[in-house]
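A structural walkthrough
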Amino acid sequence: MATGLLTPAAADRIVTTCRTAIGDSLRSVTYFTRDDYEQVYLREDLERDADLSTFIGHEWRGFKTAQTAYEGSELGDYNYTIRVFDNGFLVRVTSDRNGVFVTTDGLTMKDFEEVATAVNTFLDDRDG
């Protein structure tokens, strides 16, 4: 799984951050930039067959589109995205340079907020 995009310590930190916020509902964690990605966690009962490069392209374009579309709206600044699927959820947190998407089983809104805040802190630390 390692591509060298993250140091082992940074990969461990983001996985620990997500596991702490989500617990056993965590399915996967993928760190990405505009040019590359690294899946740093995949729960052992899941198959490694997702087309992550397509996911990354969509999530990166989705971030830029949403950021532009809602700029200056009364809703305020964009924070994160939750996508709902039949078999789980995807939470995307993105900065201008990088992002993380986390897949999960069912969570509460409070859980989504906690993981998004924790991932955002991780990204801020990497950007800073």
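Structure shown above.
Criteria and thresholds
Residues numbered from 1 in each chain as written. Predicted model: local features only at pLDDT ≥ 70, side-chain atom pairs only at ≥ 80, totals over all residues. Heavy atoms only, no water. Buried < 20%, exposed > 50% of the residue type's maximum accessible area, 1.4 Å probe, protein only. Helix = DSSP H or I, 4+ residues; strand = E, 2+ residues; numbered from the N terminus. Pairing = 2+ DSSP bridges. Expected span 1.5 Å × (residues − 1). Arc of directions from axis to C-beta. Axes fitted to C-alpha atoms, helices over the stretch in contact; angles between N-to-C directions. Phe/Tyr/Trp six-rings, centres within 6.5 Å; stacked < 30°, edge-to-face > 60°. Contact = heavy atoms within 4.5 Å.

Some thoughts on the pairing of strand 2 (residues 37–42)
Here strand 2 lies mainly inside the structure; five of its six residues are buried. Pairing geometry for strand 1 (residues 26–33) and strand 2, over five bridges, is antiparallel. Its bridge partner being in strand 2, Ser28 is matched across the sheet by Leu42.

Describing helix 1 (residues 8–22)
The end-to-end C-alpha separation of helix 1 is 21 Å, in line with the 21 Å expected for 15 residues at 1.5 Å each. What helix 1 keeps buried is the set Ala10, Ala11, Ile14, Val15, Thr17, Cys18, Ala21 and Ile22. Taken end-on, helix 1 shows its buried residues confined to a sector of 155°, consistent with a single buried face. Across from the buried face of helix 1, at angles greater than 90 degrees, the exposed residues are Pro8, Ala9, Asp12 and Thr20.

Overview of the pairing of strand 1
When you tally the buried positions in strand 1, you get eight out of eight residues, the bulk of the element. Across seven bridges, strand 1 lies against strand 5 (residues 98–104) in antiparallel orientation. By the bridge assignment for strand 5, Phe32 is matched with Gly99. Linking strand 1 to strand 2, which pair antiparallel, is a turn of three residues.

Describing the sheet that holds strand 5
Taking strand neighbours across the sheet as the criterion, the five strands line up as 2-1-5-4-3 in an open arrangement whose pairing is antiparallel. Each of the sheet's edge strands pairs with one partner strand only, and the pair in question is strand 2 and strand 3 (81–85). Direction aside, the axes of adjacent strands within the sheet are offset by 15° on average. The sheet contact formed by strand 3 and strand 4 (residues 88–94) spans five bridges and is antiparallel.

As for the packing of aromatic side chains
Counting across every chain of the model gives three aromatic pairs. Relative to Phe122, the ring of Tyr31 lies with its centre 6.3 Å away and its plane at 90°, an arrangement referred to as edge-to-face. Of the two residues, Tyr31 sits in strand 1 while Phe122 sits in helix 3 (residues 109–127), which places them 91 residues apart along the sequence. As far as burial versus exposure is concerned, Tyr31 and Phe122 are alike and both buried. With a centroid separation of 6.1 Å and an interplanar angle of 45°, the aromatic rings of Phe32 and Phe101 are classed as tilted. Pair noted here: Phe32 is in strand 1 and Phe101 is in strand 5, with a separation of 69 residues, a long-range link. Relative accessible area serves as the criterion here: at 1%, Phe101 is assigned to the buried category.

Some remarks on the environment of Phe55
Structurally, the position occupied by Phe55 is in helix 2 (residues 52–70). Note: C-alpha distance between Phe55 and Phe101 (46 residues apart in sequence) is 9.4 Å. Filtering out sequence-adjacent residues up to four positions away, Phe55 remains in contact with Ala50 and Phe101.

A word on the environment of Phe112
Take Phe112: it is sitting in helix 3. Counting along the chain gives 80 residues from Phe112 to Phe32, while the straight-line C-alpha distance between them is 19 Å.

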